[in-house]
Each structure stands twice: as C-alpha cells, then as structure tokens.
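Below are the chains, spelled out letter by letter.
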Amino acid sequence: GYYKAVGPINYVASAMQKEFFANDYIYEVTMKRKVEDSYSFIHFMGIPEPLGAENAWSRSYMFGYYNTGAWALWRHDASGTYTEIASATSPFIRPYGWNMLTVWTDYPYIHMWINGAYLGNVLDDTYMSGYVGVGMYENDALKSALVVDSATLVYSAVAPYAITDVQLGEPLHIPLDSTTE
C-alpha cells in the first residue's frame, strides 16, 4: 500500500522516521499529489517538536516541488522563520504523477535531484543532524492527498546519481571519437 496524508487548509501534514540521523546520507522519497499544486516535500535534518504555527516542524530543511514544475529548498528555524535557499523550475517534474525527490547531505553541502536529474547543490551549514520525514502544505480546498510510494535512507559518502562536470566547476569535456583527448 501507500502512505497517504490529507491536511487541513493552510496547515502542514507530515510524518517522520523515528530514528535520528547524522550527516552523509541519501534520503529518497517517491510521492505525488493527484489534483492540486500545493507544496509537497521531504524534511531532513529536522526536529519536529514542538510543532509551530501551521503544524510546521520546529526546525528542518524542506526540499519539495509543486505540480506547476517549480521546486524549492527551504530552511525553517525554531523562531518560525522560513528561508528560501534555492528554487527554480525543472522540466523533470511530472505534474500530478510520481516524482522521486533525492537529497544527499555531504556537510556542509546539500545536493538535490528530482527523478534522477541533478538540480545542483547549496552550501548551508546551519543543521547537520536530525530526523527525516515527508510532508505537504494544504492551501487548496480540493484537498488532494499526498501519496508516498517509497522512502529510503542510507548512509553514503558517494553521490547516488551523476553530478555533471559543469556543476562541479569543471569544463564539460566529451570526447567525440577515439582520436580525441
């Protein structure tokens, strides 16, 4: 079966993994929202209690997407402040379909992928341990459930998917034939 969550309007609905995790892990979740464009996300390096306004975790990073094709990485702190760290649009988001969100915590870097496509990394050393979980923000009266197919977490010092040479700051060098360096 699937994990399903439906939250009240203008609130967060979330679930957490019961173990506390340190840095250098890969957290990957496959999820979808069938009807609406509200934010669906994963929590990592978080502390859920005490829940704040709108049922937000006390602190965490939140990496997620909208069915419009936009994605964002947010940092939430115990004072209730949300800080957008990175955001963009991606052609790799499947609107209203299954989307796999992947983060690799390589302190102080956070690397992100959607459906195996590398989005980039950010340097943020605010949090380096905590709980992981899934969540959704409900801002639409249609109230479609967040459906989660799978969630996995493994410790790793190696990226789960390719990171392009350009993202690593290296020139992109693709040999055209066997005579080219």
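The model shown is predicted, which means the values in this text are computed figures rather than measured ones. (Residues numbered from 1 in each chain as written. Predicted model: local features only at pLDDT ≥ 70, side-chain atom pairs only at ≥ 80, totals over all residues. Heavy atoms only, no water.)

1. Some words on the overall build of the chain
Then, number 1: A count of helices and strands for the chain gives zero helices and 12 strands.
Then, number 2: For the chain, the sequential pattern of α-helices and β-strands runs β-β-β-β-β-β-β-β-β-β-β-β.
Then, number 3: Pairs at least 24 residues apart make up 66% of the contacts formed inside the chain by residues separated by at least 6 positions.
Then, number 4: Of the roughly 9100 Å² of accessible surface on the chain, 55% is carried by carbon and sulfur atoms. (Helix = DSSP H or I, 4+ residues; strand = E, 2+ residues; numbered from the N terminus. Contact = heavy atoms within 4.5 Å. Areas by Shrake-Rupley, 256 points an atom, 1.4 Å probe, with all protein chains shown as cover.)

2. Let's talk about the environment of E28
Then, number 1: On the secondary structure map, E28 appears in strand β3 (residues 25-33).
Then, number 2: With relative accessibility at 17%, the residue E28 sits in the buried group.
Then, number 3: As for E28 and V154, which are separated by 126 residues in sequence, their C-alpha atoms are 9.0 Å apart.
Then, number 4: Aside from chain neighbours lying at most four places away, what touches E28 is M100, L101, T102, S150, A151, T152 and Y161. (Buried < 20%, exposed > 50% of the residue type's maximum accessible area, 1.4 Å probe, protein only.)

3. With respect to the nonpolar core
Then, number 1: If you look at the biggest cluster of nonpolar residues, it comprises 30 residues, and the most contacted ones within it are M31, I42, F44, F63, W71, L73 and M112.
Then, number 2: Examining the composition of this core, we find that four residues originate from one element, β3, more than from any other.
Then, number 3: V12, F41, A72 and Y137 belong to the second-largest nonpolar core, a separate cluster that totals six residues. (Core = buried A, V, L, I, M, F, W, Y, C linked by side-chain atoms within 4.5 Å.)

4. Section: unusual backbone geometry
Then, number 1: Residues E49 and P50 are joined by a peptide bond in cis, for which omega reads -5°.
Then, number 2: One can find P50 in the loop between β4 (40-47) and β5 (59-65).
Then, number 3: P108 follows Y107 through a cis peptide bond whose omega is 5°.
Then, number 4: With respect to the helices and strands, P108 occurs in the loop between β8 (99-106) and β9 (109-114).
Then, number 5: Within the chain, N55 stands out as a residue other than glycine whose phi angle is a positive 65°.
Then, number 6: With relative accessibility at 29%, the residue N55 sits in the partly exposed group.

5. Observations regarding the pairing of strand β12 (residues 146-155)
Then, number 1: Taken together, the three bridges between strand β1 (residues 3-5) and β12 define a ladder with antiparallel strand orientation. Paired with A5 across the strands is L146, a residue of β12.
Then, number 2: As paired elements, β3 and β12 share nine bridges and run antiparallel to each other. Each bridged residue has a counterpart across the sheet, and for R33 the counterpart in β12 is L146. (Pairing = 2+ DSSP bridges.)

6. Quick look at the confidence of the model for the chain
Note that predicted coordinates carrying low pLDDT should not be read in detail.
Then, number 1: For the chain, per-residue confidence averages 87 on the pLDDT scale, and residues scoring 70 or more make up 89% of the total.
Then, number 2: Summarising per-element confidence for the chain, the mean pLDDT is lowest in β1 (77) and highest in β5 (97).
Then, number 3: The low-confidence segment residues 170-181 (pLDDT under 50) makes seven contacts with residues lying over four places distant or belonging to another chain. (pLDDT = per-residue confidence, 0-100.)

7. A few points about the sheet that holds strand β10 (residues 117-123)
Then, number 1: On the basis of which strands lie adjacent, the open sheet formed by six strands has the order β1-β12-β3-β8-β9-β10 and antiparallel pairing. Of all strands in the sheet, those bounded by a partner on one side alone are β1 and β10. Averaged over all pairs of adjacent strands, the angle between strand axes in this sheet comes to 25°, irrespective of strand direction.
Then, number 2: Note: β8 against β9, six bridges, orientation antiparallel. (Axes fitted to C-alpha atoms, helices over the stretch in contact; angles between N-to-C directions.)

8. Structural notes on the packing of aromatic side chains
Then, number 1: Taken as a whole, this structure holds 12 aromatic pairs when the rule is applied.
Then, number 2: Measuring from ring centre to ring centre gives 6.4 Å for W74 and Y82, while their planes differ by 85°; the resulting arrangement is edge-to-face.
Then, number 3: By relative accessible area, which is 32% here, Y82 ends up partly exposed.
Then, number 4: An aromatic cluster of at least three residues, connected via ring pairs, comprises F21, Y25 and Y155. (Phe/Tyr/Trp six-rings, centres within 6.5 Å; stacked < 30°, edge-to-face > 60°.)

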